[in-house]
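What follows is each chain in one-letter form.
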Amino acid sequence: MITRTLDAGTSPPAAGFGPSRRPARWQSLLSQGVSSAEELLDLLGLDPGAADCSPNHFGFPIRVPRSFVSRMRPGDPRDPLLLQVLSRTAEGAEVDGWVAEPLEEARFSPVPGLLHKYRSRVLLVATGACAIHCRYCFRRHFPYGEHAAARWQPALDYVAGQPSIEEVILSGGDPLSLRDSKLADLEQRLSSIPHVSRLRIHTRLPIVLPERVDEGLLAWLGGSRLQTVMVVHCNHPNEIDPAVAAALGRLRDAGVMLLNQSVLLRGINDSSAILRDLSVALFKAGVMPYYLHVMDRVAGASHFDVPRSAAEHLIQEMRATCSGYLVPTLVREEPGALSKTPLGA
Ligand SMILES: *Cc1c(COP(=O)(O)O)cnc(C)c1O
Ligand code: SF4
């Protein structure tokens, strides 16, 4: 029932676009997302005061595709998908050690829009835009204006000048919030650099708006000379519905290697049973669990934190009950380390 209500919003784009300027369907769906706490709670039949909801967005507006809302349980203020996107009063708390820029990324940026922290791979901040705003995001205060590589040439020149770089990671923001024409151009320019052999895309879009995986995306991604890896970002098994599973299947059929990273979030997925269900659902959809991140200490998100001892205990419980390949590596990001730091080994 709720699905029907939500789908009513997916009308065709406004008149005035000529056929060539017509946005792709996913772009229309994206622009029709929910952008206020009031509407979000209303769609779920919840009181405005539910779930510790705050009308203040703390400078990080609410943004959530209707398809993602349709997977929330109506009437449940503790719904694990809702809690990822609803601004809450707890975000206003100032907590010692929780800061705007926890990873000190500026130190690792040799040219604007590029982070070179680890050997053999670089991360390109392809855009600052995301399809969904996750309240726990460590980039919620990120100075995208300075970084979003609208002009990619300096970053590409840097990659071309460093033969040790084998892999380029598109991140953001969400790189798949860019149009396919831009992405295809970027892919072309990267694949013309002989020492680059892999293209990795870190994205939440196939999960939160599966319509993004359309012909336009599959055409440039499936046709690349580069080996392609997509790291999706899914935190809870309820995020995977048949449309998401089908989108992941289309990516696999196009030859894309699929991995998942999650963030360990209090009240959302901090149980070994939920994490196990998530791994099983992902694997069924052809996605290998990769990383489970403990929270980066970003201001406004401390209420999602799971203590390190509890996190390590969860991963040990998973190991005791799951096939080894279904257990993600629990990691923490430490400024200055040579790689992500594994925990609970
Ligand atoms: C996480 C990250 C990577 C990728 O690390 P992997 O362990 O290869 O997944 C690369 N660059 C930056 C800056 C990162 O934060
Ligand atoms: S999609 Fe990723 S980058 Fe964007 S808000 Fe969510 S966690 Fe942050």
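Residues numbered from 1 in each chain as written. Chains lettered and ligands numbered in written order. Predicted model: local features only at pLDDT ≥ 70, side-chain atom pairs only at ≥ 80, totals over all residues. Heavy atoms only, no water.

### Some points on the side chain of R71
Step number 1: Here R71 is to be found in the loop between α4 (66-69) and α5 (82-85).
Step number 2: For R71, the side chain forms a polar contact with the main-chain oxygen of I207, separated by 2.7 Å.
Step number 3: Polar contacts involving the side chain of R71 include one to the side chain of D241, which spans 3.4 Å.
Step number 4: If near-sequence neighbours (up to four positions away) are discounted, R71 is found in contact with L81, I207, V208, L209, P210, N238, E239, D241 and V244. (Helix = DSSP H or I, 4+ residues; strand = E, 2+ residues; numbered from the N terminus. Polar contact = N/O pair within 3.5 Å; in protein donor to acceptor, adjacent residues only side chain to side chain. Contact = heavy atoms within 4.5 Å.)

### Observations regarding the sheet that holds strand β6 (residues 257-263)
Step number 1: Strand order in the open sheet formed by nine strands is β1-β2-β3-β4-β5-β6-β7-β8-β9, and the pairing between neighbours is mixed. Edge strands, defined here as strands with exactly one partner in the open sheet, are β1 (114-118) and β9 (341-342).
Step number 2: In terms of strand pairing, strand β7 (residues 288-293) meets strand β8 (residues 329-332) through three bridges, oriented parallel. When the sheet's bridge partners are listed, L292 is paired in β8 with L330.
Step number 3: Strand contacts of helix α7 (residues 153-160): β1, β2 (121-125) and β3 (167-171), with the helix running at about 30 degrees to β1, the strand carrying the most contacts. (Pairing = 2+ DSSP bridges. Axes fitted to C-alpha atoms, helices over the stretch in contact; angles between N-to-C directions.)

### Quick look at the site of ligand 1
Step number 1: Every residue lining ligand 1 is accounted for by L115, K117, Y118, R121, L123, I169, R200, Y290, Y291, E333 and K340.
Step number 2: In this structure, an oxygen atom belonging to ligand 1 sits 2.8 Å away from a side-chain N or O atom of R200.
Step number 3: At 2.7 Å, a side-chain N or O of Y290 approaches an oxygen atom of ligand 1.
Step number 4: Contact with the protein chains removes 93% of the 390 Å² of surface that ligand 1 exposes when unbound.
Step number 5: Structurally, ligand 1 is housed in the largest pocket. (Near = heavy atom within 4 Å. Areas by Shrake-Rupley, 256 points an atom, 1.4 Å probe, with all protein chains shown as cover. 1 Å grid on protein atoms, 1.4 Å probe; cavity = no way out; pocket = protein on both sides within 12 Å on 5 of 7 lines; lining within 4 Å. Sits in = over half its atoms within 2 Å of the grid points.)

### Regarding the pattern of salt bridges
Step number 1: Enumeration over the complete set of coordinates arrives at 17 salt bridges.
Step number 2: With its nearest N and O atoms 3.0 Å apart, the salt bridge here joins R73 to D76.
Step number 3: Salt-bridge contacts for D214 lead to R212; the nearest nitrogen and oxygen are separated by 3.8 Å.
Step number 4: Its relative accessible area of 21% is what places D214 among the partly exposed residues.
Step number 5: Salt bridges here are not isolated pairs; linked through shared partners, they connect E166, E167, R198 and R200. (Salt bridge = Lys/Arg side-chain N within 4 Å of Asp/Glu carboxyl O. Buried < 20%, exposed > 50% of the residue type's maximum accessible area, 1.4 Å probe, protein only.)

### Brief notes about the site of ligand 2
Step number 1: Inspection of the region around ligand 2 gives C130, I132, C134, C137, G173, R204 and H233 as its neighbouring residues.
Step number 2: Judged by its atoms lying within 2 Å of the grid points, ligand 2 is housed in the largest pocket.
Step number 3: Taken together, the residues that form the shell around ligand 2 break down as four nonpolar, two polar and one charged. (Nonpolar A, V, L, I, M, F, W, Y, C, P; charged D, E, K, R; others polar.)

### Examining the packing of aromatic side chains
Step number 1: Enumeration over the complete set of coordinates arrives at three aromatic pairs.
Step number 2: Seen in terms of ring centroids, Y136 and F304 are 6.0 Å apart; in terms of plane orientation they differ by 90 degrees. Their pairing is edge-to-face. Taken together, the positions of Y136 in the loop between β2 and α6 (144-147) and F304 in the loop between β7 and α13 (308-321) put the pair 168 residues apart, joining distant regions of the chain.
Step number 3: With a relative accessible area of 5%, Y136 lands in the buried category.
Step number 4: Seen in terms of ring centroids, Y290 and Y291 are 4.0 Å apart; in terms of plane orientation they differ by 25 degrees. Their pairing is stacked.
Step number 5: The class for Y291 is buried, based on a relative accessible area of 16%.
Step number 6: It is R212 that lies over the ring of W26; its NZ or CZ is 3.9 Å from the centre. (Phe/Tyr/Trp six-rings, centres within 6.5 Å; stacked < 30°, edge-to-face > 60°. Lys NZ or Arg CZ within 6 Å of the ring centre and 35° of its normal.)

### Side note on the layout of surface pockets
Step number 1: When its volume is computed, the largest pocket comes out at roughly 1000 Å³.
Step number 2: The wall of the largest pocket is formed by 46 residues, among which F138, R139, S171, H202 and Q261 lie closest to the centre.
Step number 3: Where the lining of the largest pocket is concerned, the elements lending two or more residues are β1, β2, β3, β4 (198-203), β5 (227-233), β6 and β7.
Step number 4: A class-by-class count of the residues in the lining of the largest pocket yields 23 nonpolar, twelve polar and eleven charged. (Points joined across faces, edges and corners; volume = space filled by probe spheres on them.)

### Observations concerning empty space enclosed by the protein
Step number 1: One pass over the full model with this rule turns up two cavities of 30 Å³ or more.
Step number 2: Taken as a whole, the largest cavity encloses approximately 70 Å³ of empty space.
Step number 3: Every residue along the wall of the largest cavity is listed here: N260, S262, L275, L278, S279, L282, P289, Y290, Y291, L292, M318 and P328.
Step number 4: Elements represented by at least two residues in the lining of the largest cavity include exactly β6, α12 (272-284) and β7.
Step number 5: Residue composition of the lining of the largest cavity, by class: nine nonpolar, three polar and no charged.

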